[in-house]
Structure formats: structure tokens, C-alpha cells
Amino acid sequence: MGAQTTIEKLEILADAAKYDASCASSGTAKRNSAGGKGIGSTEGMGICHAYAPDGRCISLLKILLTNHCVFDCHYCVNRKSSNVRRARFTPQEVVDLTLSFYRRNYIEGLFLSSGIVKSSNHTMEQLVEVARILREEHDFRGYIHLKTIPEADPELVHQAGLYADRVSINVELPTDAGLTRLAPDKSARQIEGAMAGVKADIVEAKDNRKRFKHAPRFAPAGQSTQMIVGADAATDADIVGKASRLYDNFRLRRVYYSAFSPIPDASAVLPLKRPPLIREHRLYQSDWLMRFYGYQPGEVMQATEADGNLPLDIDPKLAWALKFRERFPVDINRASKEELLRVPGLGVRAVGRILASRRHRTMRLEDVAKLTVSIAKVRPFIVTADWRPVLLTDRADLRALLAPKQEQLELFAA
Amino acid sequence: MTSLQHVKLGTYYVVALPEADDFDFWRERARGLVQCDVPPDRVAWVEPGGSGSLFSHGDRRIPVPAADAPPVRASKAFVNLAKSAICHSDPERFALLYRLLWRLQANPRLLEDGADPEVRKLDELARTVRRDIHKMRAFVRFRLVEGEADGEEHYVAWFEPEHHILRTNAGFFVRRFANMKWSILTPSGSLHWDGRVLEEGPPAQRSDAPQGDATEDLWRKYYASIFNPARLKIGAMLKEMPRKYWKNMPEAALIPELVAGAQSRESQMVAAGTLEFEERPDTLEAIDKAIHACRKCPIGQLDNHAMMGEGPQDYAKGFSGLMIVGEQPGDQEDLAGRPFVGPAGQLLDRHLERAGIDRRSAYITNAVKHFKFVNRGKRRLHQSPTAKEIDTCRWWVEGERAIVQPRLILAMGASAARGMLGKTVSITKARGAPIALEDGSELWVTAHPSYLLRLDGAAQEEQSRLFDADLAAVKERLAELAG
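Given the structure is predicted, the values throughout are model-derived calculations rather than measurements.

## What to know about the overall build of chain B
Part 1 of the argument: Each helix and strand in chain B was counted, giving 16 helices and 14 strands.
Part 2 of the argument: Its C-alpha atoms give chain B a radius of gyration of 41 Å, clearly above 23 Å, the size a compact globule of 483 residues would have.
Part 3 of the argument: Within chain B, counting contacts between residues at least 6 apart in sequence, those at least 24 apart form 72% of the total.
Part 4 of the argument: Summing over all exposed atoms, chain B offers an accessible surface of approximately 23,000 Å²; the carbon and sulfur share of this is 51%.
Part 5 of the argument: Looking at chain B, you have 66 positive and 67 negative side-chain charges, and the mean spots of the two groups are 1 Å apart.

Have a look at this one:
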């Protein structure tokens, strides 16, 4: 067998990266290449340069440095005992690919992850080396996201943060028991220890910049993590609880959820049915409720059903509203922003426009209709000058009225 | 010539804009018209190439406001939205902006009223333009052209924006590709950056742009590989990347093929990887039957028989709570259909006896259910199972465990330990102390008796002693657990 070409390696190492959920390339320090010798810019909002048929955006060159791995995590396609084709890029190859894609405006930057070869430290050194060549030798000013190896020396993780816009450390599974079972080589304590280290570095770098203008930036787009959903028995309530503890303890920018999907060469330890993708979607919705709508984690957990999981047929906000009907209807003309944000069907944007508009007019149902996507969904939960839902929130069949029709659900539930 | 110092009653005015996106020109004229008190229905705005037929008889000379005319007021929010909206291709945009500017004089906070139809229209125009700007930043694809004379790299893109956004968007590309020589060609104009100066050029045609770039093959390979066929969501893709953009994106040509192949790629992924067990059998008989049919790993394909564990499972009928797990059936076991009947089994029996453990009180099974071998002449030579094969068979052993419910499991050898733990452990390190398992039982690890058979002399004595010590500890612990 001859040496692999770049295109063959790219096929293998991009394929192996397709289970990484993160695609963000936004929220970092604003930079451009004016006055430099290289290329690249970041302007607040990241750009999705393409969309794949799985609906996910492509904004970064997302690849693994190598898919060889000395670890044997059951959910992972690159585990030691898996029979997938293996490949390995040199740091320089990754640099060249990144730059030639960036110059053609295919990408916002690089998201580099890796299987663990030789040792955690060796692998981490290689990841850092890619970022170093890009930043120092090519003056690359685009986005870099490095997936760090929690078992590596903290000093190496620190270096990664100095070059990268964002670093991420995967918690992998929502419960420690799940981690012990499915990722026997990993330890929850080590993962959280690495997260704590990154948090401390971020806080310190921010503090330094307040005092010294030229203090180095450290992971200006913060740190994130990824959790696999549906590979162990953890319920949505467990997952939401874990996510909110991670947000609180490590001030993560994002927690990504990745619905466990059939991987070639999966281990027999894994569940044999993949969870519906809609479950992942519901978890992201609950994440939004906490980040943008002022819901406490406990409140999201209240929206779960008896089995601890969020309903799949309706979104978590509607599920919460149906459980706490006494909080409704909300008067569009008088209610506070917090109360309006609780109304199913009213998003942050619609609430902002309602608050601005009602200074000018007494809102009628048709006015609200102009500002929302679907008035039918909102109507049972609001009062306007000309509308009062008569006992609608008391109707036993309200859920059935508001839930999408069964045929539609089937389409998504696949 | 009539005086233009004041507005003529009943006169219509026509304002011809020099450029479709000239906000400053529009603002200056609009300001003057408001100051001269010209109501919106008396003004027609005509962009280059647009027809002014509606007011073809209108006066193209617009009035000059009096020196003491009150200033025109517009909120910052309006100016920002108007700057975007003016780039829209809707010919009505100038008139809409003028109507809003007119109304703002009486109601300076008009824009806050999101339910007002004209405010909503302005919002929508601005939003559409912002989206078009964003899509241009996303979907421009540069292609490399080597300069003929200087050998310098020149990157050229062809793009078809829907609105008049080329000029507004230039800054983004200048900032991002500051040290690169590039051109963006569009049907309505072109931009050229040489590393220092930005120049605007005439409209171009698709054929003016290069037709390919060697790197596109890499990009297409990346695009096809990063996509997960198990999560097809075509609607989500189309929402963000509508078909109208596809023709200028090299990767988009792959989409139909990727979508069509997704189903089969997913089933391949499933077939190649995950096992198709539906429900775990809940009786030992059912497991016995199922393992005979199991072909999930290469061992199952060999010419051999599956072999079930044996022993009691009922505490009331003499089950001591001990489960002994070996590696896999050997040649003799495969033929006899019973575990541990060969040389290693006989050795095990002797040690069990010495430790005072009644073999008949234990459930004895293997981590792997089929005999793995290679043919060497007439002999079938034993081979160790791979990690993958052990992991596959773990499904069955866990089924046995769930039914038998042992208090203590003795795993003999690294393969057996892996079958219980899902990871490879060192026997030397793991032996001699219990490992708690998830279901509340305890795992003890020791060497495999066949290892003892391969040794002789002092090493054999040493290992025998260790093996006996492990069995003695197990015996003691078992008694404690039985309480």
C-alpha cells in the first residue's frame, strides 16, 4: 500500500470529525489582516460558508490531526479496537490545507481535534504546533478552535489557549457512571480539572488586559464542551442539570449536544437504537431557555415528563407553560418582559418589538399577529385589548390542540 | 425658466439617482424635499435603468428650501435601517424611505411601532439586504489565477448578488484578504484589490471569471466527508443555502448525489458497525439459541460451535453466587460443547478443589462464545480474540450476568477481564483486590489456567501459588458476601 495522498487523508480525517457538533466561529476578538503580512479576519458574527445535507453549517475546516488513538472509548469511531481506516496529517499539511481553503473563502478558520497518539502530551504538542505555525509563521488572523486533550500537561493546554480563539474539552457523557462505562480511559475529575484550569487562565488573561493593553489574549471566544446524548441511560433532566453545573462552574460559552448516531464499528456496549434527533433539538431548545429566556435549570427540569425526559412532540417552553397554566394568560399590554418571555410562541425578538410597540398603541390581537410567527400558538396564553382566552388554558385537550400533527412529527422523528 | 425657490402647488417631482445604492444623494434630496414641504405622493424616485414613466411629466428640478427652513429630523435607528434598505432591489424603496422620513417629522419615535405596516416594510427590506450581504460573504468562492507576467497569485470570484450590496460589502473582503490580490466580478459591477487600492470596475460576465481551481477537489472531498448521512435534514440546508446560490458554489453539485446516497451510507454504517440485536434475550436458553446464530464477528464465521456457560443460577439450589469467566472455548470444549473440559479445565478443577470451591456451585462461562483458531494441518490452533471480538461478545456475557446475578465474578485472563470491564487491564496490577461493578457485584481478576500450563520450573510454581492465593481470597470473600 502506497503512502496516502492529502485528499485520501482529508477524506478519512474529516469523516472522523463529523461527530463534533461545534461549528461556532463567532464571539471572539475582532481582528483583520490590515497592517499584517498574512490573511484573515474575525468580525463578531461568524459566517457559515456552506451547509451540508444534514442541515449543519460548515464554517471551519473541521478535521482530526490523526484518528489513531490509544484510548478505547466505546462510543468513539476512532477507538483503539475499531477497524476504521487510519490516517495522520503532519502539522504542516493541516496548515497548508487551512490556508488554501481560507484564501478561497471556503472557511472561517480551523477546528482541530485529534485521536491520542503516543501520549497525551505528544498529541497536545502537535495540536499546539499547528496553531503556532498558522499564527506565527503565516500571521493567520482567522478563527482557530482547538480541542484539547484533558490528560495533557496543563502548560500545553495553556499554550493552546494563547494561539486559539476557543478551546474545548469534551465532558463526553452526562454522568460519571456513563463515562466510567463507555470511556474507560477517561476520568471525570481530570476532564473537569482541565476545564477549571482553562477557566482560570481566561479570567486571569481578561484581568491582565484591563491593566496592560498588550497582555496576551487567552481563548477570547471562551471554552465549550460536548456531551453525547443517548449513549447511556441519562435522562434529559440529568443532562440539563449537568449542563447548568458546567455553565456555572466553568463559565462555558456553549454546551453542545451530539445525539449518538450509529458509527461504523460501534461497540456492543452501546444502545442499539439511535435516539431521535429531535431529542437533541429539544435539549438545544432548553439550553436557549436558560441562556436567553431567564429559565432556571430547575424550571427546565419541571418541563420534563415522568421519565425525566422532555416531551418530543412539543417544545420545552410549551411543555413548561402547559404545566404552569396558572401563570397564564399574560396581558400583552401590561406584562413585564420576563412574563412575556414565558409565552410559548413569543421569541426574544418578538418580545422586544411588543415592548416597543405598546408604547405607541394598545395592542390588539392583529397587532401581535404581525410581530409573531404564529398567532395560533400564542393566542391561548395571552390577553390583548380585544382578546381574552376564555378558560382556554383550562382545557384538558390544550396540548393536543397545540402539538404539531402526528404525521408531521413522523417526518422529523426519523 | 420658472423660479425654484418655492414649491409649486400640484407639481410632481422626479428625482433621478446617480447610483442604485447612493444613500447620501437620496438623503440630501429627501431632506430638501421635506423642508420644502413636498408630500410623498408628489415625488417619484428613479434609479439608473429604472423607468420614470409614472411621473414622466414630472419636474426634474426640485425646489430649493428656504434658508430658515426647519431642520429635518430622523432618528439614528432610521438612518441605519435606511442605509441598508437603500441597497435593496425593490424600486419602491426610495419612496418608502421618503414616506417614513416625512412621517418621522410628526412622530419622531415612529420606528418603535413594530406593528406599523411601513415600519415593518422598512425592517423587512433592511433584513433582506443584511442577509444578502451575509450570504455574499459566505458564498463567494475565489479561484486562483497565476498572473501571466509577474507570477503573482490572483484570486478571482464570480458572484451574483440579489441586491445592490457590492460596494457596501467591499470593506469586509478588503479587511479579510488585505494582503492578497483579488477581484470579485458580478453582473452589476466588479471590485479589484491589489493589496493597497480598491478599484471599482464595470459589470462582468460569468465567462470572465476562471472556471476551476485544483483545490476545489479537496474542498469537495471535505464537504462530502464532513456530512453525516445518519442525520439528513434537507429542509434545514435549503433554508440557509437556497438553490439560487448553488450554481456558483463548486461543492453544491455534490448535493443530489449525497442526498440520494445517504440512506444507503447510513445503513452501511449501521451494518458495518452496530449490531442488530433487538432485545437482549432474557433466558439462558434464548441466549444459547442466539449465540449459535450469532455471526457478528469473524469468529462466528469459523467452522465451530457456539458454547454456552453452565452451572446453577438459583441460590436456593446450591448456587454459591460465583461466576467464573474464561477466555473462549478451546478445541476440546468446542467439540464437547462444555466449558473447561480440556487440559486447562482439568488444571482449574485441581486448583478449585485445593481452595475448597465446589465447581458445581459456580456458573462457568467464557468471555467469547466461539472458538477462534487457524488450521495447521489437521490441528486447529488456538488464537486469542481481538479486543473488538471480545467487545462484541460482551453483549452475550452481560445477558448471562443479568440472568444469573452472581455476587462475585472471577475473570481469568486479560480477555475475560476485558469482557467484564470493557477495557484492557494488567492482570498483575488488577489481581488480588475486588473491582466494583455497576450492578453491585464484585469482579476479581486472576490469570488464566492455560497460562500456568505454559510455564515450568520456578515460574510455574510462583504462578501456581499466586493463582491459589487468588482463589483462596475469592473463597473467603464469597463467604462474606453470602453473609
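## With respect to the overall build of chain A
Part 1 of the argument: Summing up its helical and strand segments, chain A has 16 helices and 10 strands in all.
Part 2 of the argument: What you see for chain A is a C-alpha radius of gyration of 24 Å, in line with the 22 Å of a compact globule of 414 residues.
Part 3 of the argument: Evaluated residue by residue, chain A yields a buried proportion of 60% over its 414 residues.
Part 4 of the argument: Summarising the internal contacts of chain A: among those between residues at least 6 apart in sequence, 68% fall at separations of at least 24.

## So, the pairing of strand β1 (residues 13-16) of chain B
Part 1 of the argument: Relative to strand β2 (residues 43-46) of chain B, β1 of chain B runs parallel, the two being bridged by 4 bridges. Paired with Val14 of chain B across the strands is Ala44 of chain B, a residue of β2 of chain B.

## Quick notes on the packing of aromatic side chains
Part 1 of the argument: Tallied over the entire structure, the rule returns 25 aromatic pairs over all chains.
Part 2 of the argument: Grouping aromatic residues by their ring pairs yields a cluster made of Tyr102 and Phe140 of chain A together with Phe142, Phe172, Phe173, Phe177 and Trp182 of chain B.
Part 3 of the argument: Taking the ring centre of Trp387 of chain A as reference, the NZ or CZ of Arg379 of chain A above it sits at 5.6 Å.
Part 4 of the argument: For the cation-ring pair, Arg380 of chain B lies above Phe373 of chain B, with the distance from its terminal atom to the ring centre recorded as 4.9 Å.

## Considering the side chain of Arg166 of chain A
Residues and elements named next belong to chain A.
Part 1 of the argument: Structurally, Arg166 can be placed in strand β6 (residues 166-168).
Part 2 of the argument: Within the buried core, Arg166 has no salt-bridge partner, and the shortest N-O distance to an opposite charge, that of Asp165, equals 9.0 Å.
Part 3 of the argument: Reaching out from Arg166, the side chain makes a polar contact with the backbone oxygen of Ala221 at a distance of 3.1 Å.

## Some words on the sheet that holds strand β8 (residues 322-326) of chain B
Residues and elements named next belong to chain B.
Part 1 of the argument: Judged by pairing direction, the sheet is mixed, and its 5 strands sit side by side in the order β9-β8-β12-β14-β13 without closing on themselves. Edge positions in the open sheet fall to β9 (362-366) and β13 (435-436), since each of these has one partner strand only.
Part 2 of the argument: As defined by bridge partners, β8 adjoins strand β12 (residues 408-412) across 4 bridges and the pair is classed as parallel. What sits directly across from Val325, in β12, is Ala411.
Part 3 of the argument: Sheet strands touched by helix α12 (residues 387-404): β8, β9 and β12. Its angle to β9, the strand with the most contacts, is close to 170°.

## Brief notes about the interface of chain A and chain B
Part 1 of the argument: Facing 77 residues of chain A, the contacting portion of chain B comprises 76 residues.
Part 2 of the argument: Buried area between chain A and chain B, both sides added, is near 6,800 Å², and the carbon and sulfur share of it is 55%.
Part 3 of the argument: At the boundary of chain A and chain B, one finds 9 salt bridges.
Part 4 of the argument: Between Arg79 of chain A and Asp391 of chain B there is a salt bridge, with its nearest N and O atoms 3.1 Å apart.
Part 5 of the argument: Linking chain A to chain B there are 33 residue pairs in polar contact (both at pLDDT 80 or more).
Part 6 of the argument: Here the element with the most residues in the side of chain A that touches chain B is helix α1 (residues 6-15) of chain A; it accounts for 6 residues.
Part 7 of the argument: Residues that form the side of chain A that touches chain B fall into these classes: 35 nonpolar, 19 polar and 23 charged.

## Digging into the nonpolar core
All names here are of chain B.
Part 1 of the argument: One finds Trp26, Trp45 and Trp182 to be the most contacted residues of the largest nonpolar core, which totals 196 residues.
Part 2 of the argument: With 9 residues, helix α4 (residues 117-139) is the single largest residue contributor to this core.
Part 3 of the argument: What Trp26 contacts, discounting residues up to four positions off in sequence, is Leu17, Trp45, Phe78, Ile86, Phe94, Leu97, Tyr98 and Leu101.

## Description of the confidence of the model for chain B
Regions with low pLDDT should not have their predicted coordinates read in detail.
Residue and element names in this part refer to chain B.
Part 1 of the argument: Across chain B, the average pLDDT comes to 88, with 93% of residues at or above 70.
Part 2 of the argument: Note that residues 1-5 has pLDDT below 50 and, in this model, 8 contacts with residues that lie over four places away or in other chains.
Part 3 of the argument: Confidence drops under pLDDT 50 across residues 273-277; counting only partners more than four residues distant or on other chains, this segment forms 19 contacts.
Part 4 of the argument: Here the predicted complex scores 0.78 on pTM and 0.89 on ipTM.

## Some points on helix α5 (residues 166-176) of chain B
Part 1 of the argument: The complete set of buried residues in α5 of chain B reads Leu166, Asn169, Ala170, Phe172, Phe173, Val174 and Arg176 of chain B.
Part 2 of the argument: Tucked into the core, α5 of chain B has its buried residues touching α2 (91-103) of chain A together with α4, β5 (181-186), β6 (189-193) and β7 (198-201) of chain B.

## Comments concerning a positive patch on the surface
Part 1 of the argument: On the surface, Lys206, Lys210, Arg251 and Arg253 of chain A cluster together to form a positively charged patch.
Part 2 of the argument: Considering the arrangement of structural elements, one finds Lys210 of chain A in helix α6 (residues 188-211).

## Here's the deal with the layout of surface pockets
In this approach, a probe sized like a water molecule rolls over the atoms, and the result shows the empty space that is left.
All names here are of chain B.
Part 1 of the argument: Size it by volume and the second largest pocket reaches roughly 800 Å³.
Part 2 of the argument: What lines the second largest pocket is a set of 32 residues, among which Glu327, His382, His448, Ser450 and Arg454 lie closest to the centre.
Part 3 of the argument: Within the residue set of the lining of the second largest pocket, elements represented by two or more residues are α10 (331-336), α11 (343-355), β11 (379-382), α13 (414-421), α14 (427-430) and α15 (449-454).
Part 4 of the argument: Grouping the constituent residues of the lining of the second largest pocket by class yields 12 nonpolar, 13 polar and 7 charged.

## Quick notes on unusual backbone geometry
Part 1 of the argument: Residue Pro329 of chain A is reached from Phe328 of chain A by a cis peptide bond, and omega for that bond is -5°.
Part 2 of the argument: For Pro329 of chain A, the position within the fold is in the loop between α10 (316-323) and β9 (330-331).
Part 3 of the argument: In this model, Glu172 of chain A sits at a positive phi of 70°, which is unusual for a non-glycine residue.
Part 4 of the argument: In this structure, Glu172 of chain A sits in the loop between β6 and α5 (176-182).
Part 5 of the argument: We note that Asp37 of chain B has phi near 65°; this positive angle belongs to a residue other than glycine.
Part 6 of the argument: Mapped onto the elements, Asp37 of chain B comes out in the loop between α1 (23-35) and β2.

## Points about the sheet that holds strand β8 (residues 254-259) of chain A
Residue and element names in this part refer to chain A.
Part 1 of the argument: Across the sheet, 6 strands lie side by side as β3-β4-β5-β6-β7-β8; this open sheet has parallel pairing. Only two strands of the sheet have a single partner each, and these edge strands are β3 (60-64) and β8. The sheet shows a mean angle of 20° between the axes of neighbouring strands, direction not considered.
Part 2 of the argument: Pairing geometry for strand β7 (residues 223-229) and β8, over 6 bridges, is parallel. Across the sheet, Ile228 pairs through a bridge with Ser258, a residue of β8.
Part 3 of the argument: Sheet strands in contact with helix α3 (residues 120-137) are β4 (109-113) and β5 (143-147), and its direction is about 170° off that of β5.

## Topic: a nonpolar patch on the surface
Residues and elements named next belong to chain A.
Part 1 of the argument: On the surface, Trp288, Phe292 and Val348 cluster together into a nonpolar patch covering about 290 Å² of accessible area.
Part 2 of the argument: With respect to the helices and strands, the residue Val348 is situated in helix α12 (residues 348-357).
Part 3 of the argument: Taking the relative accessible area as the measure of exposure, Val348 reaches 41% and is therefore partly exposed.

## Concerning α1 of chain B
Residue and element names in this part refer to chain B.
Part 1 of the argument: Here α1 contains 13 residues, and its C-alpha end-to-end distance of 18 Å stays within 8% of the 18 Å for a straight helix at 1.5 Å per residue.
Part 2 of the argument: Residues of α1 that are buried: Phe23, Phe25, Trp26, Ala30, Gly32, Leu33 and Val34.
Part 3 of the argument: Lining the buried residues of α1 we find β1, β2, α2 (76-85) and α3 (93-106).
Part 4 of the argument: The N-cap residue of α1 is Asp22: its side-chain oxygen and the backbone nitrogen of Asp24 are 3.4 Å apart.
Part 5 of the argument: Taken from the residues just after α1, Asp37 is the one with a positive phi, measuring 65°.

## Here we look at the pairing of β7 of chain B
Residues and elements named next belong to chain B.
Part 1 of the argument: With 4 bridges connecting them, β6 and β7 associate as antiparallel partners. Looking across to β7, one finds that Leu191 is bridged to Glu200.
Part 2 of the argument: Linking two consecutive strands that pair antiparallel, namely β6 and β7, is a turn of 4 residues; a positive phi of about 105° is found at Gly195 within it.

Calculation notes
- Per-chain numbering applies: the sequence of each chain, read as written, is numbered from 1 onward.
- As they are written, the chains are lettered A onward and the ligands numbered 1 onward, keeping that order.
- Local features in this predicted model are restricted to residues whose pLDDT is 70 or higher, and side-chain atom pairs enter the listing and the counts only when it is 80 or higher, whereas totals over whole chains, interfaces and linings include all residues.
- With hydrogens and water set aside, each side-chain value is computed from the structure's full complement of heavy atoms.
- Numbering goes from the N terminus for both helices and strands, where a helix is a DSSP run of H or I of at least four residues and a strand is a run of E of at least two.
- For this measure, only C-alpha atoms enter the radius of gyration; the expected value for a globule follows 2.2 Å times N^0.38, where N is the number of residues.
- Any two residues having at least one pair of non-hydrogen atoms within 4.5 Å are treated as being in contact.
- All accessible-area figures derive from a Shrake-Rupley calculation using a 1.4 Å probe, and residue coverage is judged against the displayed protein chains alone.
- Positive charges come from Lys and Arg, negative ones from Asp and Glu, while His and the chain ends are left out of the count.
- Where a charge lies is defined by one atom per residue type: Lys uses NZ, Arg uses CZ, Asp uses CG and Glu uses CD.
- Only protein chains enter the calculation, and the probe is 1.4 Å; a residue is then buried if its accessible area is under 20% of its type maximum, exposed if over 50%, and partly exposed in between.
- Paired strands, in this sense, are two strands between which DSSP finds at least two bridges.
- Planes of paired rings set the category: under 30 degrees apart is stacked, over 60 is edge-to-face and the rest tilted, where pairs are Phe, Tyr or Trp rings (Trp by its six-membered ring) whose centres lie within 6.5 Å.
- Lysine NZ or arginine CZ positioned within 6 Å of the ring centre and within 35 degrees of the ring normal marks a charge as sitting over the ring.
- Salt bridge, as used here: a side-chain nitrogen of Lys or Arg that lies within 4 Å of a carboxyl oxygen of Asp or Glu.
- Any pair of nitrogen or oxygen atoms within 3.5 Å is treated as a polar contact; in protein, a donor-acceptor pairing is required on top of that, and neighbouring residues in sequence qualify only through side-chain atoms on both sides.
- The angle between two axes is taken between their N-to-C directions and runs from 0 to 180 degrees, where each axis is a line fitted to C-alpha atoms and a helix contributes only its stretch in contact.
- Reported buried area values correspond to the accessible surface (1.4 Å probe) lost by two parts on association, with both partners' losses combined.
- Under the grouping applied here, Gly and all other residues not named as nonpolar or charged are polar, the nonpolar ones being Ala, Val, Leu, Ile, Met, Phe, Trp, Tyr, Cys and Pro and the charged ones Asp, Glu, Lys and Arg.
- Side-chain atoms within 4.5 Å are what join buried Ala, Val, Leu, Ile, Met, Phe, Trp, Tyr and Cys residues into a set we call a nonpolar core.
- How sure the predictor is of each residue is captured by pLDDT, a score from 0 to 100.
- Like charges within 9 Å and nonpolar side chains (Val, Leu, Ile, Met, Phe, Trp, Tyr) within 5 Å are joined into patches, using only residues over 30% in relative accessible area that form no salt bridge.
- Points on a 1 Å grid over protein atoms alone make up a cavity when a 1.4 Å probe fits among them but cannot get out, and a pocket when they form an open set with protein on both sides within 12 Å along at least five of seven lines; lining residues each have an atom within 4 Å of a point.
- Grid points are joined across faces, edges and corners, and a volume is the space filled by probe spheres set on the points.
- In this scheme, a helix's expected span is set at 1.5 Å multiplied by one less than its residue total.

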